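Reading the structure
The primary structure of each chain is shown beneath.
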Number of protein chains: 2
Amino acid sequence: MAESPRPKRKREEEEAGAAPHDGAAAAVPPFPLAELRLRRVLRESARDKAVFLHGEVSSPSGEGTDAVIILEKTPFQEEKVLDLLKKHTKLELQMRNDIYSTYHLYPPPELSEIKTTVVYPATEKHLQKYLRQEVHLIRETWEDYQNITLPFIQSQSFSIQWVYNILEKKAEADRIIHENPDPCNGFVLVPDFKWNQTQLDDLYLIALVQRREIKSLRDLTAEHLPLLRNILQEGKEAIAKRFGVPGSQLRIYLHYQPSYYHLHVHFTALGYDAPGCSVERAHLLADVIDNLAMDSMYYQKRALTFALRADELLLKKFQEAGRV
Amino acid sequence: MAESPRPKRKREEEEAGAAPHDGAAAAVPPFPLAELRLRRVLRESARDKAVFLHGEVSSPSGEGTDAVIILEKTPFQEEKVLDLLKKHTKLELQMRNDIYSTYHLYPPPELSEIKTTVVYPATEKHLQKYLRQEVHLIRETWEDYQNITLPFIQSQSFSIQWVYNILEKKAEADRIIHENPDPCNGFVLVPDFKWNQTQLDDLYLIALVQRREIKSLRDLTAEHLPLLRNILQEGKEAIAKRFGVPGSQLRIYLHYQPSYYHLHVHFTALGYDAPGCSVERAHLLADVIDNLAMDSMYYQKRALTFALRADELLLKKFQEAGRV
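Reading the values: the criteria
Residues numbered from 1 in each chain as written. Chains lettered and ligands numbered in written order. Predicted model: local features only at pLDDT ≥ 70, side-chain atom pairs only at ≥ 80, totals over all residues. Heavy atoms only, no water. Phe/Tyr/Trp six-rings, centres within 6.5 Å; stacked < 30°, edge-to-face > 60°. Helix = DSSP H or I, 4+ residues; strand = E, 2+ residues; numbered from the N terminus. Buried < 20%, exposed > 50% of the residue type's maximum accessible area, 1.4 Å probe, protein only. Contact = heavy atoms within 4.5 Å. Buried area = accessible area lost by both parts, 1.4 Å probe. Salt bridge = Lys/Arg side-chain N within 4 Å of Asp/Glu carboxyl O. Polar contact = N/O pair within 3.5 Å; in protein donor to acceptor, adjacent residues only side chain to side chain. Pairing = 2+ DSSP bridges. UniProt positions renumbered as here; feature names shortened; annotations may be inferred. Least-squares fit on C-alpha atoms with pLDDT ≥ 70 in both.

A word on the packing of aromatic side chains
Under the counting rule described, the total for this entry stands at 14 aromatic pairs over all chains. An angle of 70 degrees between the planes, with centres 5.1 Å apart, marks the rings of Trp 195 of chain B and Phe 243 of chain B as edge-to-face. You can see Trp 195 of chain B sitting in the loop between β9 (187-191) and β10 (204-209) and its partner Phe 243 of chain B sitting in helix α7 (residues 225-243), a full 48 residues away along the chain. Considered together, Trp 195 of chain B and Phe 243 of chain B belong to a single accessibility category, that of buried residues. Between Tyr 298 of chain B and Tyr 299 of chain B, the aromatic rings sit 4.8 Å apart at their centres with planes inclined by 70 degrees, giving edge-to-face as the arrangement. Joined through ring pairs, the aromatic side chains of Tyr 256, Phe 306 and Phe 318 of chain A make up one cluster.

Brief notes about the interface of chain B and chain A
Listed as interface residues are 100 residues of chain B and, on the opposing side, 100 residues of chain A. Where chain B abuts chain A, roughly 9300 Å² becomes buried across the two surfaces, and 60% of that area is made up of carbon and sulfur atoms. Inspection of the region where chain B meets chain A yields 11 salt bridges. Between the two partners, chain B and chain A, sit 38 residue pairs in polar contact (both at pLDDT 80 or more). Considering each element in turn, the side of chain B that touches chain A owes the most residues, 7 residues, to strand β5 (residues 100-106) of chain B. Relative to strand β6 (residues 114-119) of chain B, strand β5 (residues 100-106) of chain A runs antiparallel, the two sharing 6 bridges. Bridge assignment links His 104 of chain A to a residue of β6 of chain B, and that residue is Lys 115 of chain B.

Things to note about the pattern of salt bridges
All names here are of chain A. Applying the stated criterion across every chain yields a total of 44 salt bridges over all chains. The partner of Arg 39 in a salt bridge is Glu 56, with the nearest N and O atoms 3.1 Å apart. With Arg 39 in strand β1 (residues 37-45) and Glu 56 in strand β2 (residues 50-58), the pair connects residues that are 17 residues apart, well separated along the chain. What makes Glu 56 buried here is its relative accessible area of 11%.

Focus on the side chain of Arg 218 of chain A
Residue and element names in this part refer to chain A. The topology assignment puts Arg 218 in the loop between β10 (204-209) and α7 (225-243). Residue class for Arg 218 comes out buried when judged on its relative accessible area of 0%. A polar contact is formed between the side chain of Arg 218 and the backbone oxygen of Glu 140, at a distance of 2.8 Å. Only 2.7 Å separates the side chain of Arg 218 from the backbone oxygen of Arg 302, close enough to count as a polar contact.

Regarding the UniProt feature "active site" (unreviewed entry) in chain A
Residue and element names in this part refer to chain A. Within this structure's numbering, the places UniProt gives as "active site" (unreviewed entry) are His 264. Tracing the sequence through the fold places His 264 in strand β12 (residues 264-269). On the basis of relative accessible area, His 264 is assigned to the buried category, the value being 4%. The contact partners of His 264, leaving out residues within four places of it in the chain, are Ile 206, Ala 207, Leu 208, Leu 254 and Pro 258. A polar side-chain atom of His 264 sits 2.8 Å from the main-chain carbonyl oxygen of His 262.

Structural notes on the relation of the copies chain B and chain A
Each copy of the sequence occupies a distinct position, and chain B is placed on chain A by a rotation of 180 degrees and an axial shift of 0.6 Å, giving an RMSD of 1.1 Å. Viewed as a symmetry operation, the transformation between the two copies matches a two-fold axis. Interface residue correspondence from chain B to chain A reaches 99%, placing this contact among same-surface, isologous pairings.

What follows is the structure in structure tokens.
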């Protein structure tokens, strides 16, 4: 959460904008993967079948240049599954018990693509970004928020110009799914950059509020109930209308800490295990509304839990204050 | 949540007990994967890189027998990553932009194993189990709980004898990590069956309360605060002592709905994306304690959200009551 989202979005935009097969790109010789020296594994994810590597390429002068290489196995493609079953190069029985059996299946190369991403040359910052970090849980009281988190947010002055560009129709105007233009209780609903909109399985949209002074959950009071109810109601309706996904199949929530301090609400497909939907970060909008209806000052009283990576500056602030 | 956990536990024990390489199994000819007719894709997971298939094997008489085939790509093995980079059969540049480039890498068969699980012959129940089910979000009011959920729980009379066996030391006594024997405010902490205890990455323990009349979150009042605080405090201490994982790296929560109606608390590694830790099912124990300290009747007043699969009986009850 301590990083401004702008670089991430910017890079994603650039990547999206880069023609995958344009002549210039195709003319560039491939990165010399085979000549790479492997320095270490930065991180791996057994669940996602991905691994993040720190490599080094030696120049003719003998000096090494760092690179990050990300390998990720690709999802199965429905239309190729039958090929996989028929064209395997080897099938080894591993165990058999009653009606259950397991095998090792070795597919031909053309059916086992690995998505490979290279960052080269990579800086120390790139290496840090992909390195596995210890994660610490913080239980932030209202006093902690005032004494540690709020000063930290204010000192960072993250740029959220990209949010204003969307609200002012200076960018992404063609991507808007729904808009309520009311300056106090209105919002704009756009697809999140993580969603490519080609399948509904990983549907992901974001509602950005028109008001600019609400940083996060911590600022919300009963005054904001009309705004929050608009987002819940109109957001569901717009998604049902445009994508055919009913409100009962949506997970609608806020993050605390958010990755940028302009109030926004996440809409994800309920069946999709979206990053950031776990209990230590996500707050259901319906619960937020009920909490504020019960007690206008709920979020100025209650302790809130969140996780911070060991390299995040906010964690250092909590440590300096003796709160971790 | 509508299924008693006992069968699942039993099945896992049986599967774990099957010798992977016993002579009898090795002598059985492999399942004729290549002769399989593909009926349909039951479910796929783009994130896990897994697909669940419904297949059919024709007998000589022409009659078909159903089978379930599960394909799952395997995690990268650290010691083979270098081979993957050096021995790829083909490397295609996909796009290049500044320091970023992406490739399609096609590894040789021996480096791209697919874990294949076959259930054969498969019954309709097996097919249903693996079939993608629509998931519906329920917002259960206290009235819904009293009128729909509670009568449903009472009508099911799930057996939780296995819980009593643990509490009475008739089973798993050697697995107990910590015990507070107080009949009112005590509990037993045991490793969850999903965790094999060989690595801390996916650490998973369960605290089972000694008291037998607390079904779920819905029954909790301020009366239970000493019990809940014992679980939070002693659970953290016991895990730090036995496994060296500090409390700040644990996610400690209850499920609603739970999978069995004897109050229990989940302890999972914060870095582990445990199933069931998302915001629509998990409730942080620290939040539960604060809510009860604020209002003893909090969980007898508030609406609670949870997801139900289309084949769950409780969903039918909500539908019959016109609440979905």
